[in-house]
Amino acid sequence: IYKSLITVYPDIASLRNSYGNLLIQMNNLNNAKEEFLEVLKLEDTNLVANSSLGFIYLQKGILDSSLMYYKKTDEIGSKYELVDKYFLAIVYTSLREFDSALFYFQYIENNLTNEYPVKFLSAVFMDYGNLYSDQNLLNKAIDKYKKSLLYEKNNAFTLTKLGFVNMRLGKDSVGIDYFKH
């Protein structure tokens, strides 16, 4: 249906965005990418297209392109500003540009409200902890992992991370206790 509608109405960006999002859900990233690139030909500041392209390139591991589109999304601005900044932090972490990632994680932490979904809040602190763990700043990692647990108390992945980090610090019994949860 989407293809037929796009053939008739090729210049409706929202139609192409909807089709692109459907293609992402179907894990058809290459065709989704093409739809979003077509949207940007129509509207170069289209928030959905820029953000979706950032996501697609992140999934494909093409980090420089992902960063470019997420930066554009951040420049455009949206009501989901912290989500956009979260993805910037993730891309910078993947690029091993820790200072830039830290800048965005700190911004997010300082501006978080409970209007965001619990899973998002938990993920922010989980990935923030991963940033510190990657830099071998283990006590700071523990602090962020514990904040993640404030939002998802029994998250097995976070508990496992806490177990491993405590063991890296030589606190084997504490680490094992986290594994038991």
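Shown above is the structure to which this text applies.
Residues numbered from 1 in each chain as written. Predicted model: local features only at pLDDT ≥ 70, side-chain atom pairs only at ≥ 80, totals over all residues. Heavy atoms only, no water.

**Observations regarding the nonpolar core**
Threshold: Take the buried residues of types Ala, Val, Leu, Ile, Met, Phe, Trp, Tyr and Cys, join any two whose side-chain atoms come within 4.5 Å, and each joined set is a nonpolar core. Each residue gets one of three labels from its accessible area relative to the maximum for its type: buried under 20%, exposed over 50%, partly exposed in between, using a 1.4 Å probe on protein chains only. By the criteria applied, helices consist of DSSP H or I runs no shorter than four residues and strands consist of E runs no shorter than two, each listed in order from the N terminus. In this analysis, two residues are considered to be in contact whenever any of their non-hydrogen atoms come within 4.5 Å of each other.
Of all hydrophobic cores here, the largest spans 36 residues; its most connected members are Tyr86, Phe105, Leu112, Phe120, Tyr128 and Leu131. For this core, the elements supplying multiple residues, two or more each, are helix 5 (63-76), helix 6 (81-94), helix 7 (98-111), helix 8 (118-134), helix 9 (138-151) and helix 10 (156-168). The dominant element in this core, judged by the number of residues it contributes, is helix 8, at eight residues. Each residue touching Leu131, except ones within four places of it in the same chain, is listed here: Thr93, Phe98, Ala101, Leu102 and Phe105. Listed in part, the 16 residues of the second largest apolar core include Ile6, Ala49, Ile56 and Tyr57.

**Re the pattern of salt bridges**
When their charged atoms lie close together, side chains carrying opposite charge are able to pair. Applied cut-off: Think of a salt bridge as a Lys or Arg side-chain nitrogen and an Asp or Glu carboxyl oxygen that are within 4 Å of each other.
According to the stated counting rule, one finds 10 salt bridges in the structure shown. Asp74 is the salt-bridge partner of Lys85, the closest N and O atoms lying 2.6 Å from each other. A residue pair is termed long-range when its members are at least 10 positions apart, and Lys85 in helix 6 and Asp74 in helix 5 qualify at 11 residues. According to the relative accessible area criterion, Lys85 is buried, its value standing at 8%.

**Some details on the packing of helix 3 (residues 29-42) against helix 4 (residues 47-60)**
Helix packing geometry: the angle between the two helix axes and the distance between the axes. So the rule is basically this: Helix axes are fitted only over the stretch in contact, all axes being lines through C-alpha atoms; the angle between N-to-C directions runs from 0 to 180 degrees. When an angle is under 35 degrees it counts as roughly parallel; over 145 it counts as roughly antiparallel; between 65 and 115 it counts as roughly perpendicular; any other value is oblique. Here a crossing is called left-handed whenever its near helix is offset anticlockwise from the far helix by less than a right angle, and right-handed whenever the offset is clockwise.
Orientation of helix 3 relative to helix 4, taken along the N-to-C sense of each, is 150 degrees, at an axis distance of 9 Å. One way to sum up the angle between helix 3 and helix 4 is to call them roughly antiparallel. Of the two elements, helix 3 crosses helix 4, and the hand of that crossing is left-handed. Contact residues: helix 3 offers Leu29, Asn30, Ala32, Lys33, Phe36, Leu37, Val39 and Leu40, while helix 4 offers Val48, Ala49, Asn50, Ser52, Leu53, Ile56, Tyr57, Gln59 and Lys60.

Function cannot be inferred from these measures alone, as they are strictly geometric.
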